[in-house]
Amino acid sequence: MDVRVRPMPMDTLVELVNGWGAEPRRAGARSHVPSRADHVHRAGLPPEVADRLTDADLADFADVVFGIFARPSTAERVERISALLTGLAIRPDLVIDGDRVRPVWLTAEDDALLAAALLALRAQVAEQDPGRLGICVDGGCADVYVDISPAGRRRFCSVQCQNRARAADYRRRHRAAR
Ligand SMILES: [Zn+2]
């Protein structure tokens, strides 16, 4: 059965990858996944489709999308997004939502989560700055981020990781100076 999806909001995409992805969880030593309902209902899917997703579905999804962030260059990320999009059947469609006309896409229910994420990543790399997808450079973290800062020079997933790295750097320099 085909269902209608929208591009996943980027902050939700990041939360899903970091919450369920094997590598972000391993690096951050997180044994539990977040509450599913809080996250999947913001993912751009029909609610009944979101309700049927399991933790295993989300873990598989998160690892696939993490693999896009982990590619070392824009060219390789584009290649990966393109290959994944080509593997799904996604058709453009329209709906009336109140008095607004909105663009949506039709895809198979089993592909809906990945399709919503790929549509968002496609827009990010094609219409925004493609260099703004990243993985935190802190040694104890592998969380992904999308840099929305004006300067576009972000390297950490969060202020916490940035502060931790700064403090470690300070201690290193302090020790070296003695
Ligand atoms: Zn981090």
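Scroll up to find the structure.
What counts as what
- Residues numbered from 1 in each chain as written.
- Predicted model: local features only at pLDDT ≥ 70, side-chain atom pairs only at ≥ 80, totals over all residues.
- Heavy atoms only, no water.
- Helix = DSSP H or I, 4+ residues; strand = E, 2+ residues; numbered from the N terminus.
- Buried < 20%, exposed > 50% of the residue type's maximum accessible area, 1.4 Å probe, protein only.
- Contact = heavy atoms within 4.5 Å.
- Areas by Shrake-Rupley, 256 points an atom, 1.4 Å probe, with all protein chains shown as cover.
- Lys, Arg positive; Asp, Glu negative; His and termini not counted.
- Charge placed at Lys NZ, Arg CZ, Asp CG, Glu CD.
- Core = buried A, V, L, I, M, F, W, Y, C linked by side-chain atoms within 4.5 Å.
- Expected span 1.5 Å × (residues − 1).
- Arc of directions from axis to C-beta.
- Donors = N, O, S within 2.8 Å, 3.2 Å for Na, K, Ca; no water.
- Tetrahedral: all angles 85-135°; square planar, octahedral: opposite > 155°, others 65-115°.
- Axes fitted to C-alpha atoms, helices over the stretch in contact; angles between N-to-C directions.
- Parallel < 35°, antiparallel > 145°, perpendicular 65-115°, else oblique.
- Left-handed = near helix turned anticlockwise from the far one by under 90°.
- Nonpolar A, V, L, I, M, F, W, Y, C, P; charged D, E, K, R; others polar.
- Salt bridge = Lys/Arg side-chain N within 4 Å of Asp/Glu carboxyl O.

(A) Region of interest: the overall build of the protein. Across its full length, the protein carries 8 helices and 5 strands. Listed N to C, the secondary structure of the protein is β-α-α-α-α-α-α-β-β-α-β-β-α in terms of helices and strands. Principal-axis analysis of the C-alpha atoms places the extent of the protein at approximately 65 × 35 × 35 Å. Across the 178 residues that make up the protein, the buried fraction comes to 38%. In the protein, 57% of the contacts between residues at least 6 apart in sequence involve partners at least 24 apart. If you sum the accessible surface of the protein, you get close to 10200 Å²; carbon and sulfur atoms cover 51% of it. Charge centroids of the protein, computed over 26 positive and 25 negative side chains, lie 11 Å from each other.

(B) Local environment of the nonpolar core. Core analysis: the largest hydrophobic core is formed by 40 residues, its most contacted members being Met8, Leu13, Leu16, Leu45, Val65, Leu113 and Leu121. For this core, the elements supplying multiple residues, two or more each, are strand S1 (2–5), helix H1 (10–20), helix H4 (47–52), helix H5 (55–69), helix H6 (74–86), helix H7 (112–127) and strand S5 (144–146). The biggest single contributor to this core is H7, with 11 residues. Ignoring any residue separated from it by four or fewer positions in sequence, one finds Leu45 in contact with Val5, Ala50, Leu53, Ala112, Leu113 and Ala116. Formed by 7 residues, the second largest nonpolar core is a distinct cluster that contains Cys141, Phe156, Cys157 and Ala165.

(C) Geometry of H6. The end-to-end C-alpha separation of H6 is 18 Å, in line with the 18 Å expected for 13 residues at 1.5 Å each. What H6 keeps buried is the set Arg77, Ile81, Leu84 and Leu85. Down the axis of H6, the sector holding all buried residues measures 100°, keeping them to one side. Pointing more than 90 degrees away from the buried face of H6 are the exposed residues Ala75, Glu79 and Thr86.

(D) Quick look at the coordination of the zinc ion. Coordination of the zinc ion by the protein comes from Cys136 (SG), Cys141 (SG), Cys157 (SG) and Cys161 (SG), over a distance range of 2.3 Å. Because the angles between the 4 donor atoms bound to the zinc ion fall within 104 to 116°, the donor set is best described as tetrahedral. Sequence positions of the donors to the zinc ion reduce to the motif C-x4-C-x15-C-x3-C. Here Cys136, found in the loop between strand S4 (133–135) and S5, pairs with Cys161, found in helix H8 (residues 159–177); they are 25 residues apart in sequence, far enough to count as distant.

(E) Fine view of the packing of H1 against H7. Two numbers describe how H1 lies on H7: the axes approach to 10 Å, and their chain directions differ by 125°. Taken together, the axes of H1 and H7 are oblique relative to one another. For the element pair H1 and H7, the recorded crossing hand is left-handed. Contact residues: Met10, Leu13 and Leu16 in H1; Leu113, Ala117, Ala120, Leu121 and Gln124 in H7. Here the contact of H1 with H7 is composed, by residue class, of 7 nonpolar, 1 polar and no charged.

(F) Representation of the pattern of salt bridges. Counted by the stated rule, this structure contains 14 salt bridges. We note a salt bridge from Asp2 to Arg91, for which the minimum N-O separation is 3.1 Å. Taken together, the residues Asp2 in strand S1 and Arg91 in strand S2 (residues 91–97) connect sequence positions 89 residues apart. Given the relative accessible area of 39%, Asp2 is considered partly exposed. Relative accessible area serves as the criterion here: at 42%, Arg91 is assigned to the partly exposed category. One salt bridge in this structure joins Asp169 and Arg172, with 3.4 Å as the shortest N-O distance. Here Asp169 and its partner Arg172 are both found in helix H8, 3 residues apart, which amounts to about one turn of the helix.

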